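Survey of secondary and tertiary structure
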Amino acid sequence: MIRNMTCEKVKSLLSAYLDSELDYHELRQVELHLLDCSSCQRECRSLRATKDLLGTLESPPLPGEFWPELKERITSRSVSRYYLRLLMKVLAPATALLVLAILPFAITTHEGASSGQVEAKTDLIEPYIREYVISELDRPFSDKTSLGFVATAQAVTMYSSDFLEPHDHHTPREAVVTQNRTGQRTQANAFQRVMFLSPR
Amino acid sequence: MFKRLAAVSALCLIIASSPLTLQGYRIAFASKSLLPEERSNISPFDSRTAMSLIEQVAEKSGSISFNATKTVILWYPSGTSACISKIIHKAPNLTRTEYLPSSASTCGLRTVISDGKSTWHYEPDLQVVFHMTETSSLLDEGDAGTNHEEFNLTQDVSLIKANYDITLIGTENLAGRQAYIIGLEPRHPGNPSRKIWVDSEYPFVLRTEKYAPCGTMSSVSFYNWIEFFPTLSDDLFELDIPSHVAKVELPVSGDLMPLDKLEKKAEFAIPVPGFVPPGYKIEGGMLSPYRAFPAAHIRLTDGLNTISYFVTPRIIDGNNRGENHVADVSDLLGTKFLRWSDQGYDFTLVGEVDKSLLIEIAQSVNPPRMTRGLSQQSLSQYLTKFFYQMFWIDR
């Protein structure tokens, strides 16, 4: 199950987020967090503005001694590179063997045969399953009992998952009075924060 | 196989020990059956009779009130899921379903009540009630909602006739009722097949067996006990919710619309697959109701099955992230998912068809134009990156 990212974690990833360097999993979590967290949204806007500002700055002229110094540094590194190459000659065959040993596992995992991987992906797929299942309900020979079982299970999973817990602890849940089917007036927590459950 | 037998045996034991059975609840089966008379008139393999039954079930099954107990078993690669439910349906549109807790199901008691306009789903263990307005009730007053549904139904039945070989396999006694067994075999490879047991007196499906494209059974659902047209009070369809229970409003998908209209509403370009599997048609699309997943959802159907195709643009500030993400085919609850990202979009295909069909649909999406198998392409990218990172130091 996906854990909610804390504000601290999201803020540490914002720079990578703005540079499009996050993997799919992190990207989704950051985006979900940003939807609800005004503090991180501010931080994100501020960081983007800073990055944009830096991008507009003209590059300062290089000092005259820059190129000769760089050339000297590159030349001095050539000795250390000799040892590095020697090391690589020893390491390369060992690495190749290691890769051959790992490759079958890498392929298996990649194709989704690893249940761990499937679980990680399915954490993000509940809304899609639900939409698909609701579509299936329209079909004339669909088994509404089993589809209903899956659809309701998805709703429960979404509710029980960390996606549905309050991201922003500064915003108290709004208490509202609602009415149930019996007409009984009921005090219930409004579930407005429901992340991706917020109506468009 | 052993696991399946064990699951079925466990369920039978649970059913046998259920309170209804123990209390000797009187089962008022309909005594009149048309089957003996009709049996002499029909050939066991008469497909016209099967077609006629299919049409009647599609058209009329919702108009039959009943009180029943039903078992559902789902098989999928990582395990089995099963539930027993009590269902009460008062035609035309009041339904109460109680999914009962059992050792074969991980959920506790779950009650779902639908009145055709909205659905209430109560989870006593979680102390939460979910509410969802049903799509048809969102139509404007005076909108021809019923005609629209009828149109879809007619279209689905036509598609089923065109895409499936419908045969009458035989008859069987089920839950104290005589039933016709009808087989629906797909004419196009890669699709699931079904067997349904239709009550001989009423156009009502008593049992459904679903088979994956590879031929293994993926799900079975059947009535253990059923009473047709009982006297049902409207009170049965009321849900008493304790005052402290939280209410969760689930969002609702809009109505199906043509793709050009969908694109206008979505406010982003929707890459439509160039390949539609044989026998399928694009029936339209809708916008996903989830704000954080502003997906366009395009539905393809062959009358019996659905393939859902979701397109989601990346959502924050519309940044076009250049890197494509690894495609992934996974299987959850017997449903296959194919997911990939490209050109600032996330794509998801969901269906119970063979994964080769999903991959073919994905490859036809432009952009991205994929000329090789998704897994191979992604694997080669993965390995290139792996070797590059390993040896970059020597470059």
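Before reading on, note that the structure itself is shown above.
Notes on the structure in this doc start here. (Residues numbered from 1 in each chain as written. Chains lettered and ligands numbered in written order. Predicted model: local features only at pLDDT ≥ 70, side-chain atom pairs only at ≥ 80, totals over all residues. Heavy atoms only, no water.)

On to the overall build of chain A. Helix and strand counts for chain A stand at seven helices and two strands. In sequence order, chain A lays out its α and β elements as α-α-α-α-α-α-α-β-β. Sequence separation of at least 24 residues holds for 57% of the intrachain contacts in chain A that already meet a minimum separation of 6. Here chain A displays about 11,500 Å² of accessible surface, and carbon together with sulfur accounts for 59% of that area. (Helix = DSSP H or I, 4+ residues; strand = E, 2+ residues; numbered from the N terminus. Contact = heavy atoms within 4.5 Å. Areas by Shrake-Rupley, 256 points an atom, 1.4 Å probe, with all protein chains shown as cover.)

Residue and element names in this part refer to chain B. Here twelve strands make up an open sheet; going across it, the order is β7-β8-β9-β10-β11-β1-β2-β3-β4-β5-β6-β12 and the pairing mixed. Only two strands of the sheet have a single neighbouring strand rather than two, namely β7 (164-174) and β12 (246-249). If you compare each strand with its neighbour and ignore which way they point, the axes differ by 15 degrees on average. Each of β7, β8 (177-186), β9 (193-199) and β10 (205-211) is contacted by helix α4 (residues 47-60), which is oriented at about 80 degrees to β7, the strand it contacts most. (Pairing = 2+ DSSP bridges. Axes fitted to C-alpha atoms, helices over the stretch in contact; angles between N-to-C directions.)

What follows is about the pattern of salt bridges. One pass over the structure, following the stated rule, counts 14 salt bridges over all chains. Where Arg139(A) meets Glu283(B), a salt bridge forms, and the shortest distance between an N and an O atom there is 2.9 Å. Residue Arg139(A) is found in the loop between α6 (126-137) and α7 (144-160), and its partner Glu283(B) is found in strand β13 (residues 281-287); the two belong to separate chains. The buried category is assigned to Arg139(A), whose relative accessible area is 2%. Judged by its relative accessible area of 16%, Glu283(B) falls in the buried class. Ionic pairing is found between Lys70(B) and Asp143(A), a salt bridge with its closest N-O pair at 2.5 Å. With Lys70(B) in strand β1 (residues 66-76) and Asp143(A) in the loop between α6 and α7, this pair bridges two chains. The residues Lys70(B) and Asp143(A) share a single accessibility class, namely buried. (Salt bridge = Lys/Arg side-chain N within 4 Å of Asp/Glu carboxyl O. Buried < 20%, exposed > 50% of the residue type's maximum accessible area, 1.4 Å probe, protein only.)

Here the bond from Ala91(B) into Pro92(B) is cis, since omega is 10 degrees, no more than 30 degrees from zero. Positive phi is not limited to glycine here, since Phe229(B) has a value of about 45 degrees.

All names here are of chain B. According to the stated counting rule, one finds eleven aromatic pairs over all chains in the structure shown. Ring plane angle 55 degrees and centroid distance 4.7 Å describe the contact between Tyr202 and Phe228, whose orientation is recorded as tilted. A residue pair is termed long-range when its members are at least 10 positions apart, and Tyr202 in the loop between β9 and β10 and Phe228 in strand β11 (residues 217-228) qualify at 26 residues. For Tyr202, a relative accessible area of 18% translates into the label buried. Phe228 gets classed as buried once you look at its relative accessible area, which sits at 9%. Their ring planes at 85 degrees and their centres at 5.2 Å tell us that Phe204 and Phe228 sit as a pair that is edge-to-face. In this pair, Phe204 sits in the loop between β9 and β10 while Phe228 sits in strand β11, placing the two residues 24 residues apart along the sequence. Phe228 carries the same exposure label as Phe204, and that label is buried. (Phe/Tyr/Trp six-rings, centres within 6.5 Å; stacked < 30°, edge-to-face > 60°.)

Purely spatial values, then, with no claim about function.
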